[in-house]
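Residue-level listing of the chains:
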Amino acid sequence: MGSCKEPENDHPNPIWVHGPIIVGAGPSGLAVSACLKNNGVPSLILEKSNCLASLWQQKTYDRLKLHLPKHFCELPLFGFPKNFPKYPTKRQFISYLESYAAHFSIHPRFKQTVARAEFDNDSGFWMVKTQDCEYVSRWLVVATGENAEPLIPDVPGMERFEGEVVHTSKYNSGCYFKNHRVLVVGCGNSGMEVSLDLCRYNASPHIVVRNSVHILPREMFGFSTFGIAMGLLKWLPLRLVDKLLLLLANLIMGYTENLGLRRPKTGPIELKNATGKTPVLDVGTWSQIKSGKIKVMEGVREITRNGAKFMDGQEKEFDSIILATGYKSNVPCWLKGSEFFTKEGMPRTPFPNSWKGKKGLYAVGFTRRGLLGTASDSLNIARDIADRWRTIKDSKTICT
């Protein structure tokens, strides 16, 4: 780490990066870059798309808002504008990220798809290859996150369906499904909100609930449910907080089991911490389920030419199918020779120590704790790299 010699490489024109290489220009990549800059460390962000936060800009539906109050979603060192609402819209959040990048003078290299990144033991540096360049650095920060690529499930018979099949990454608005009978596969926050959006365009959504799910009101008595939970956790054990949340949810919403939404035996916060499965924060879908405008269906047995057969024996016709089945990490496709990540592309070490690997490898945005986890990771990574950066600078001064 203290060598004064620049790396040697057989690539004709490798680009030496003095600070870390960061892969991904979403909130995680921007946050790490800003924290590094605040510590006097330069960095280079490589981004495969043509814009910042491509997931938010290109793969989210129009009505999306932050599920948590804005103060839980701020990136380090730079807050939201005071005039933003409690739950900023998609467009407002993108505007915030663009302002964040401008404030810290962050300029990613766009249209740089990382094909391979690997640590070279001979030189002691990371070699990062894109479609037309090779970059070399002492440090590599993986900031592509948990939601890099759409997760497409293998549903029997899907290839036979004659209607439209679209993943939520391609869904913009229910206006394109006006008066359609729509099967929504997936009952997380996206599936619930897409179903609600479809109702506003006179569609007839049927949402598939294969497993148990926690649904909570986004607010309780005028306060954020998440904020209430965080406050209670400062004083009470986690399982007691879960019991209180479910008691309040049942008082406000009634028993969701009565309409096909079975709750898991594990409480919502404990389940989130253990598996990363986020409870649904209701923004109006539950009332549409109770009114019958959104139908809850059991798991799909198979897709037919013009509809679906379900596990309970029902068969229904549909015009369209929307896959609200989430996303997955793409790290195994391009990061080679490292055992830090699992085959699913998640760090093997659990939070709060999932941010640091070996040989100058770091990860941000893989905590399953949203933007709060991103902020925590970014600050830790920046401090760690800054310490090493200063050591290298001191050793170079001695060498000269």
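Residues numbered from 1 in each chain as written. Predicted model: local features only at pLDDT ≥ 70, side-chain atom pairs only at ≥ 80, totals over all residues. Heavy atoms only, no water.

Colleague: Can you walk me through the pattern of salt bridges in this structure?
Modeller: Pairs can form between side chains of opposite charge once their charged atoms are near each other. Tallied over the full model, the rule gives 13 salt bridges. Residues Glu 302 and Arg 160 are paired through a salt bridge, measuring 2.8 Å at the closest nitrogen-oxygen approach. Highlighted residues: Glu 302 in strand β17 (residues 300-303) and Arg 160 in the loop between β8 (149-150) and β9 (164-167), separated in sequence by 142 residues. Each of Arg 160, Glu 302 and Lys 309 takes part in a single network of salt bridges with overlapping partners. (Salt bridge = Lys/Arg side-chain N within 4 Å of Asp/Glu carboxyl O. Helix = DSSP H or I, 4+ residues; strand = E, 2+ residues; numbered from the N terminus.)

Colleague: What is the right way to read the environment of Thr 144 from this model?
Modeller: Tracing the sequence through the fold places Thr 144 in the loop between β7 (140-142) and β8. Taking relative accessible area as the criterion, Thr 144 reaches 21% and is therefore assigned partly exposed. Between the C-alpha atoms of Thr 144 and Gly 24, which are 120 residues apart in sequence, the distance is 4.8 Å. Look past the residues within four positions of Thr 144 in its chain and what remains in contact with it is Val 23, Asn 330, Val 331, Trp 334 and Phe 366. (Buried < 20%, exposed > 50% of the residue type's maximum accessible area, 1.4 Å probe, protein only. Contact = heavy atoms within 4.5 Å.)

Colleague: Help me understand the confidence of the model for the protein, please; the structure alone is not making it clear to me.
Modeller: As a note on interpretation, predicted positions should not be read in detail where pLDDT is low. Predicted confidence across the protein gives a mean pLDDT of 92, with 95% of residues reaching 70 or more. Every residue in residues 1-10 scores below 50 in pLDDT, and together they form 20 contacts with partners more than four places removed in sequence or on other chains. (pLDDT = per-residue confidence, 0-100.)

Colleague: Help me understand the sheet that holds β9, please; the structure alone is not making it clear to me.
Modeller: Remark on secondary structure: sheet strands pair via backbone hydrogen bonds, oriented parallel or antiparallel. The sheet built from five strands is open, its strands ordered β9-β20-β10-β11-β16 with parallel pairing. Each edge of the open sheet is held by one strand with a lone partner, namely β9 and β16 (295-297). Between one strand axis and the next, the sheet turns through 25° on average, direction left out of account. Summarising the sheet, strand β10 (residues 181-185) and strand β11 (residues 204-208) pair through five bridges and their orientation is parallel. Directly across from Arg 181, in β11, lies its bridge partner Ser 204. (Pairing = 2+ DSSP bridges. Axes fitted to C-alpha atoms, helices over the stretch in contact; angles between N-to-C directions.)

Colleague: Would you explain the packing of aromatic side chains in this entry?
Modeller: Pairs of aromatic rings are described using the distance from one ring centre to the other and the angle between the two planes. Under the criterion given, the structure shown has 19 aromatic pairs. Between Phe 119 and Trp 126, the ring centres sit 5.4 Å apart and the planes meet at 65°, which makes this aromatic pair edge-to-face. Residue classification places Phe 119 among the buried positions, given a relative accessible area of 19%. Put simply, the rings of Trp 56, Phe 78, Phe 80, Phe 84, Phe 93, Tyr 96, Tyr 100 and Phe 104 touch in pairs and so form one group of aromatic residues. (Phe/Tyr/Trp six-rings, centres within 6.5 Å; stacked < 30°, edge-to-face > 60°.)

Colleague: Quick question: what am I supposed to make of a nonpolar patch on the surface here?
Modeller: A cluster of nonpolar side chains, Phe 221, Phe 223, Leu 240, Leu 244, Leu 247, Leu 251 and Ile 252, forms an exposed patch at the surface whose accessible area comes to about 720 Å². If one sorts the elements of the nonpolar patch by residue count, helix α6 (residues 238-253) sits on top with five residues. Assignment of secondary structure puts Leu 251 in helix α6. (Patch = residues over 30% accessible without salt bridge, like charges linked within 9 Å, V, L, I, M, F, W, Y side chains within 5 Å. Areas by Shrake-Rupley, 256 points an atom, 1.4 Å probe, with all protein chains shown as cover.)

Colleague: How do you make sense of unusual backbone geometry when you look at a structure like this?
Modeller: Backbone geometry follows two general trends: most residues other than glycine have a negative phi, and most peptide bonds adopt the trans configuration. Along the chain, Phe 351 connects to Pro 352 via a cis peptide bond; the corresponding omega equals 15°. On the secondary structure map, Pro 352 appears in the loop between β22 (335-336) and β23 (361-363). A positive phi is found at Lys 359, a non-glycine position, where the angle reads about 60°. Mapped onto the elements, Lys 359 comes out in the loop between β22 and β23. Of the residues examined, Lys 359 reaches a relative accessible area of 49% and is grouped as partly exposed.

Colleague: Even after reading the chapter, I still don't get the side chain of Asp 242, so can you show me in this structure?
Modeller: Structurally, Asp 242 can be placed in helix α6. No salt bridge is formed by the buried Asp 242; its nearest oppositely charged neighbour, Arg 239, is found at 6.9 Å. If near-sequence neighbours (up to four positions away) are discounted, Asp 242 is found in contact with Gly 267, Pro 268, Ile 269 and Glu 270. (Lys, Arg positive; Asp, Glu negative; His and termini not counted.)

Colleague: Honestly, helix α4 (residues 189-199) in this entry has me stumped. Any pointers?
Modeller: Residues spaced three or four apart along an α-helix face the same direction, because each turn holds 3.6 residues. The buried fraction of α4 amounts to 10 of the 11 residues, a majority that puts the element mostly inside the structure. Within α4, the full set of buried residues consists of Asn 189, Gly 191, Met 192, Glu 193, Val 194, Ser 195, Leu 196, Asp 197, Leu 198 and Cys 199. Where α4 is buried, its residues meet β10, β11, β12 (215-217), β15 (280-282), α8 (285-291) and β20 (320-323).

Colleague: Looking at this structure, how should I read the side chain of Gln 112?
Modeller: When you line up the elements, Gln 112 lands in the loop between α3 (90-103) and β4 (116-120). Under the relative-accessibility criterion, Gln 112 is labelled buried at 8%. A distance of 2.8 Å separates the side chain of Gln 112 from the side chain of Thr 130, its partner in a polar contact. Excluding anything up to four places from it in sequence, Gln 112 contacts Leu 46, Glu 47, Lys 48, Thr 130, Gln 131, Asp 132, Cys 133 and Tyr 135. (Polar contact = N/O pair within 3.5 Å; in protein donor to acceptor, adjacent residues only side chain to side chain.)

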